Amino acid sequence: MSAEELLLLQKIVMAEAEGEPYEGKVAVANVVLNRLRSANFPDTIKDVIYQKHQFSPVANGRIRRVQPSKETIRAVNAALHGHKAVKDDTYFFLSLTLAQDLTVHHSRTFAKKIGNHSFYK
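Residues numbered from 1 in each chain as written. Predicted model: local features only at pLDDT ≥ 70, side-chain atom pairs only at ≥ 80, totals over all residues. Heavy atoms only, no water.

Asker: What exactly am I supposed to notice about helix H6 (residues 70-80) here?
Answerer: Helical geometry: 3.6 residues make up each α-helical turn, so side chains three or four residues apart lie on a common side. Residues of H6 that are buried include every one of Thr72, Ala75, Val76, Ala78 and Ala79, and no others. What you see down the axis of H6 is that its buried residues fit within an arc of 160°, all on one side. Close packing links the buried residues of H6 with helix H1 (3-17) and helix H2 (22-37). Two residues or fewer after H6 comes Gly82, characterised by a positive phi angle close to 100°. (Buried < 20%, exposed > 50% of the residue type's maximum accessible area, 1.4 Å probe, protein only. Helix = DSSP H or I, 4+ residues; strand = E, 2+ residues; numbered from the N terminus. Arc of directions from axis to C-beta. Contact = heavy atoms within 4.5 Å.)

Asker: What is the right way to read the pattern of salt bridges from this model?
Answerer: Pairs may arise between side chains of opposite charge once their charged atoms sit close together. Inspection of the entire model under this criterion finds five salt bridges. Of the charged contacts, one joins Arg37 and Asp88 as a salt bridge, the two residues approaching to 3.9 Å between their closest N and O atoms. Placement of the pair is Arg37 in helix H2 and Asp88 in the loop between H6 and strand E1 (92-95), with a sequence separation of 51 residues. The exposure class assigned to Arg37 is exposed, which follows from its relative accessible area of 53%. Asp88 serves as the salt-bridge partner of Lys84, at 2.7 Å between the closest nitrogen and oxygen. Through salt bridges with shared partners, one network takes in Arg37, Lys84 and Asp88. (Salt bridge = Lys/Arg side-chain N within 4 Å of Asp/Glu carboxyl O.)

Asker: Explain the pairing of strand E2 (residues 110-114) here, please?
Answerer: A regular strand places its side chains so that they alternate between the two faces of the sheet. Pairing geometry for E2 and strand E3 (residues 117-120), over four bridges, is antiparallel. Across the sheet, the residue bridging to Lys112 is Phe119, located in E3. Adjacent in sequence and paired antiparallel, E2 and E3 are bridged by two residues, among which Gly115 carries a positive phi angle near 60°. (Pairing = 2+ DSSP bridges.)

Asker: Help me out: how do you make sense of the nonpolar core in this one?
Answerer: Grouped burial of nonpolar side chains is what soluble globular proteins tend to show. Residues Leu9, Ile12, Val13, Val32, Ile49, Phe55 and Phe119 are the most contacted members of the largest nonpolar core, which totals 26 residues. Contributions of two or more residues to this core are made by H1, H2, helix H3 (45-49) and H6. In terms of residue count, H2 provides more of this core than any other element does, seven residues in total. Other than its neighbours up to four places away in sequence, Val32 contacts Leu9, Ile12, Ile45, Val48, Ile49 and Phe55. Ranked by size, the runner-up nonpolar core spans six residues in total, among them Phe41, Phe92, Leu94 and Val104. (Core = buried A, V, L, I, M, F, W, Y, C linked by side-chain atoms within 4.5 Å.)

As structure tokens, then:
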């Protein structure tokens, strides 16, 4: 993984899970990495993160404005070194209180709740 991809992964985790507990940050990183390993999603970190309509911080520009915190960097590193907060078949998450589109909630299998995020297979 290039330094650019690592920073991008850290930024999407920060943008998505800034107010979430440490395990929630690890879980968001797990989701991105799970997608990267899946044949059903793009083949690079950048393409996974920038896939259309997947991550709201990409659409609203927040990903460009955040700077990863020490905890976020630690969570991403843990995920990269094999720490699993969610299983390998978990590809989606959302906050039921903040999400404008609940398609994932209605169409996917619930896996786990961490903080304000619900994770789905």
